[in-house]
Amino acid sequence: MAEARYLVRGIEDAESALKVEAILHSKVGVHEVRADPETGELWIRFDERLVPAPRLKSYLESAGVRPVRPL
């Protein structure tokens, strides 16, 4: 299991945070997701064998968030 934390753009309020969490949680290999609209932080726990870096990036884009930087 791997974890990643990012400062992201695209999480403005609680509704968008819930939407991002739901989209990411539905992806293959993703086990946990937390999006914080107050800080713009996203935490994700995933199986690195199923979710290599390029796939993780595409997952984030499909959820409507853009990483600004890792935390």
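Refer to the structure printed above.
This write-up is about the structure you can find in this document. One numbering rule holds for all chains: residues counted from 1, following each sequence as written. Restriction of local features to residues with pLDDT of at least 70 applies here, the model being predicted, together with a cutoff of 80 or more for giving and counting side-chain atom pairs; totals for whole chains, interfaces and linings are based on all residues. Hydrogens and water molecules were not included; the side-chain quantities draw on all heavy atoms of the structure.

**Thoughts on the overall build of the protein**
Convention followed: The way it works is that DSSP assigns letters per residue, a run of H or I at least four long becomes a helix, a run of E at least two long becomes a strand, and they are numbered from the N terminus. Radius of gyration: C-alpha atoms only; globule rule: 2.2 Å multiplied by the number of residues to the exponent 0.38. Three labels apply to residues, based on accessible area from a 1.4 Å probe with only protein chains included: buried if under 20% of the type maximum, exposed if over 50%, partly exposed otherwise in between. Every residue pair with non-hydrogen atoms within 4.5 Å of one another is taken to be in contact. For every accessible area listed, the method is Shrake-Rupley and the probe measures 1.4 Å; residues are considered covered only by the protein chains on display. Counted as positive: Lys and Arg. Counted as negative: Asp and Glu, with His and the chain ends omitted from the count. A charged residue contributes its charge at one atom only: NZ of Lys, CZ of Arg, CG of Asp or CD of Glu.
A count of helical and extended segments in the protein gives two helices and four strands. When its helices and strands are written in sequence order, the protein yields β-α-β-β-α-β. In summary, the protein has a C-alpha radius of gyration of 11 Å against a globular reference of 11 Å for 71 residues, a match within 12%. By its C-alpha atoms, the protein is 30 × 20 × 15 Å across when sized along the principal axes. Relative to its 71 residues, the protein shows a buried fraction of 35%. In the protein, of all internal contacts separated by at least 6 residues, the share reaching a separation of at least 24 is 60%. Within the structure as shown, the protein displays about 4,500 Å² of accessible surface, and the carbon and sulfur contribution to it stands at 51%. Between the averaged position of the 11 positive side-chain charges in the protein and that of its 12 negative side-chain charges there is a distance of 7 Å.

**A short note on the packing of aromatic side chains**
Quick reminder of the rule: Each Phe, Tyr or Trp ring (for Trp, its six-membered ring) is paired with any other whose centre lies within 6.5 Å, and the angle between the two planes then decides the class: stacked below 30 degrees, edge-to-face above 60, tilted in between. We call a charge positioned above a ring when the Lys NZ or Arg CZ atom is no farther than 6 Å from the ring centre and deviates by at most 35 degrees from the ring normal.
Per the stated rule, a full pass over the model turns up zero aromatic pairs. Across the ring face of Trp 43, the terminal group of Arg 34 is positioned such that the distance to the ring centre comes to 4.3 Å.

**As for the sheet that holds strand 4 (residues 66-70)**
Working definition: the strands of a sheet are paired by backbone hydrogen bonds and lie parallel or antiparallel to each other. We apply this condition: The pairing criterion for strands is at least two bridges between them, as found by DSSP. Here an angle of 0 to 180 degrees is reported between the N-to-C directions of two axes, which are lines fitted to C-alpha atoms, with helices fitted over the stretch in contact.
Taken in spatial order, the four strands make up an open sheet running 2-3-1-4, and their pairing is antiparallel. Pairing within the sheet leaves two strands with one partner each, and these edge strands are strand 2 (30-36) and strand 4. In this sheet, adjacent strand axes meet at a mean angle of 30° when their direction is disregarded. As defined by bridge partners, strand 2 adjoins strand 3 (residues 41-46) across six bridges and the pair is classed as antiparallel. Looking at the pairing, Val 30 lines up with Phe 46 of strand 3.

**Focus on the nonpolar core**
Cut-off, in case you're wondering: In plain words, nonpolar cores are sets of buried Ala, Val, Leu, Ile, Met, Phe, Trp, Tyr and Cys residues tied together by side-chain atoms within 4.5 Å.
Residues Ile 11, Val 20, Leu 24, Leu 42, Ile 44, Phe 46 and Val 65 are the most contacted members of the largest nonpolar core, which totals 20 residues. Secondary-structure elements contributing two or more residues to this core are strand 1 (2-9), helix 1 (14-25), strand 2, strand 3 and helix 2 (53-62). If one sorts the elements of this core by residue count, strand 1 sits on top with four residues. Dropping the residues within four chain positions of it, Ile 11 is found in contact with Ser 16, Ala 17, Val 20, Ala 35, Asp 36, Pro 37, Glu 41, Leu 42 and Val 65.

Function cannot be inferred from these measures alone, as they are strictly geometric.
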